[in-house]
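# Observations on the three-dimensional arrangement
Listed here are the chains, written in short residue letters.
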Amino acid sequence: DGRCVGFVVVCAALVSGAGAVESLRAGDSFQEELLLTPLRSGDIAATFQFRTRLDSDLRREKVSHYRLFPKVLGQVISKYSIQELHLSFTQGFWRTRSWGQPLLQAPAGAELWVWFQDTVTDVDKNWKELTNILSGIFCASLNFIDSTNTVTPTASFKPLGLANVTDHHLLRYATLLGKLYAQSSYPMKKLLPCGSKVGLASLLEAERLYYSSYHSQSVHIRPICREPDCSKVSWELRQSLTLVFDMFTNGQGKRDWSIFKMFARTVTEPCPLATQSKIYVDSSGFHKELDLFEVTPPSPLDVQVSIHGDQRVYTVYDLLEPGFFNTSRNLNVALKWKGGSADSGQPRPPVFHAERYVSGYGLQTGVINTMIYNNHQYRAFPVMILETVPWYLRLYVHTLTILTKGRDNKPSYIHYVPAKDRQRPPSP
């Protein structure tokens, strides 16, 4: 997945209990990763990622034994014939101009989009029951999703996993704005094999977790190929949590940071069920000629990854290496800035970003303005916009104007279905 650059996926065998089940569950795996990224604005981004793989096809097999994969999610997938499920909860706004492109895109509030299997006869019924079930699992107000705020996109939100069905009548999408959920990581932690007692998830117990200026957690479930020829199918659960800490407003007074300063605790041991447990630190710096900061403790392993044409360097800490915790019972990765805050200069503008604002007032002069910026030196990008608005907000498509460098730009594709009062929003 190109949006998760820096994370390495390694699948190793785990042995389970009894004979027949042992061969069935031989490839189930769990991996945990943490990416720490110093931002040019002085903020620090921490991205947790937990991957759980179930080596059974929930679409065709009846699974009664779950070892690492959460049983509650496996049962939901089977009962409601889900092909893919993507759910996110976000507090705050990702500041693209100051922080660069995020690893995982997510709008403010709650977002849910689901692909159902082609065996489903009543998609709307399954969608309604599913939102109520997810509301209880994740302690969120997803039960407020109904026909008045649900749309069926016709061109966007393609399946991200193994899927041979692209009939958009099987797709449902909805967003909820405002504080409709408790900003708590408990629902995510209870779905992990080791909970939050050991491993990287133990950092999520800290009270300082909720002092962040940006907080986004997501759950993605999809079928993937188990083998190169895709003769067998596995299910992947990917749970992510992205936090941005402002070390200045938090009273630190300087850009130096560490795991202890952010989470008020350190890493003491990996999850014993994990086949991979690593911490990545983006130690690339912002100028090739300047060495702006130093990462401690030193690590013998560095990896280079190309992102949007830029070579990034990541310092890697493998928590499963023998003897890693022998010298010290805790790991406190720290970054010390060598230069002043002015040495880093102004943040480099992202290659592609967008912003939106409202001008005017009322139905006559009210305008929704969407500004899309392409800072690439020579390349043009196709743009697809999905706009969802409440049913009571009247949109007039004949007033749509698209300008590129001051000149009219006619869109190649427009799909619009008018809203019905108290029944459905405008369909994109």
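Our subject in this report is the structure included herewith. Here the residue index of a chain counts from 1 through its sequence in written order. Local features in this predicted model are restricted to residues of pLDDT 70 or higher, and side-chain atom pairs are both shown and tallied only at a pLDDT of 80 or more, whereas totals for entire chains, interfaces and linings draw on every residue. The side-chain values count all of the structure's non-hydrogen atoms but skip hydrogen atoms and water molecules.

### Quick word on the sheet that holds strand β6 (residues 171-176)
Pairing between sheet strands relies on hydrogen bonds along the backbone, with the strands arranged either parallel or antiparallel. Test applied: DSSP bridges decide pairing: two strands pair if at least two such bridges lie between them. Working definition: helices are DSSP H or I runs of at least four residues, strands are E runs of at least two. Numbering for both runs from the N terminus.
The mixed open sheet is built from eleven strands, whose spatial order is β5-β6-β4-β3-β7-β8-β2-β1-β10-β13-β12. Sheet topology places β5 (150-151) and β12 (301-307) at the edges, where each strand pairs with a single neighbour. When strand β1 (residues 29-38) meets strand β2 (residues 43-54), the two strands line up antiparallel, connected through ten bridges. Within the sheet, the bridge partner assigned to E33 lies in β2 and is Q49.

### A few points about the state of the cysteines
For clarity, the threshold we go by: Cysteine sulfur atoms that pair up within 2.5 Å are treated as a disulfide. Each residue is placed in one exposure class: buried if its accessible area under a 1.4 Å probe, protein chains only, is under 20% of its type's maximum, exposed if it is over 50%, and partly exposed if it falls in between.
Applying the stated criterion across every chain, the model contains two disulfides. Put simply, C194 and C271 are joined by a disulfide, and their sulfur atoms are 1.9 Å apart. Across the disulfide from C194 to C271, rotation about the S-S bond amounts to roughly 65°, and the bridge is consequently right-handed. Linking C194 in the loop between α5 (186-189) and β7 (214-225) with C271 in the loop between α6 (259-263) and β10 (276-282), this pair joins segments that are 77 residues apart in sequence. Grouping residues by exposure puts C194 and C271 together as buried. Bridging C225 to C230, the disulfide has an S-S length of 1.9 Å. Disulfide C225-C230: the torsion about the S-S bond is -70°, which places it as left-handed. Residue C225 is classed as partly exposed on the basis of its relative accessible area, which comes to 37%.

### Quick word on the pattern of salt bridges
Heads up, the rule is: Salt bridges are counted wherever a side-chain nitrogen of Lys or Arg sits within 4 Å of a carboxyl oxygen of Asp or Glu.
A full pass over the atoms with the stated rule returns eleven salt bridges. Here D55 ties to R226 by a salt bridge, and the two come within 3.9 Å at their closest N and O atoms. In this pair, D55 sits in the loop between β2 and α2 (71-79) while R226 sits in the loop between β7 and β8 (233-246), placing the two residues 171 residues apart along the sequence. A salt bridge links R356 to E387; its shortest N-O distance comes to 2.3 Å. On the criterion of sequence distance, the pair formed by R356 in strand β15 (residues 352-359) and E387 in the loop between β16 (367-374) and β17 (403-404) is long-range, its members being 31 residues apart. For E387, a relative accessible area of 28% puts it in the partly exposed group. Look at the salt bridges and you will find they share partners, linking R51, R222 and E236 into a network.

### Looking at helix α4 (residues 123-137)
Worth spelling out the cut-off: By definition here, a helix of n residues has an expected span of 1.5 Å times n minus one. Throughout, a contact is declared for two residues whenever any of their heavy atoms are within 4.5 Å. Between N or O atoms, a polar contact is any pair within 3.5 Å; within protein, one atom must be a potential hydrogen donor and the other a potential acceptor, and residues adjacent in sequence are included only when both atoms are from side chains.
With 15 residues, α4 extends 21 Å from end C-alpha to end C-alpha; this agrees with the ideal 21 Å at 1.5 Å per step. Of all the positions in α4, only V123, N126, W127, L130, T131, L134, S135 and I137 are classed as buried. Where the residues of α4 are buried, they touch α2, β3 (82-91), β4 (109-116), β5, β6 and α5. Looking at where α4 begins, the residue whose side-chain oxygen comes 3.4 Å from the main-chain nitrogen of D124 is D122. Two residues or fewer after α4 comes C139, characterised by a positive phi angle close to 50°.

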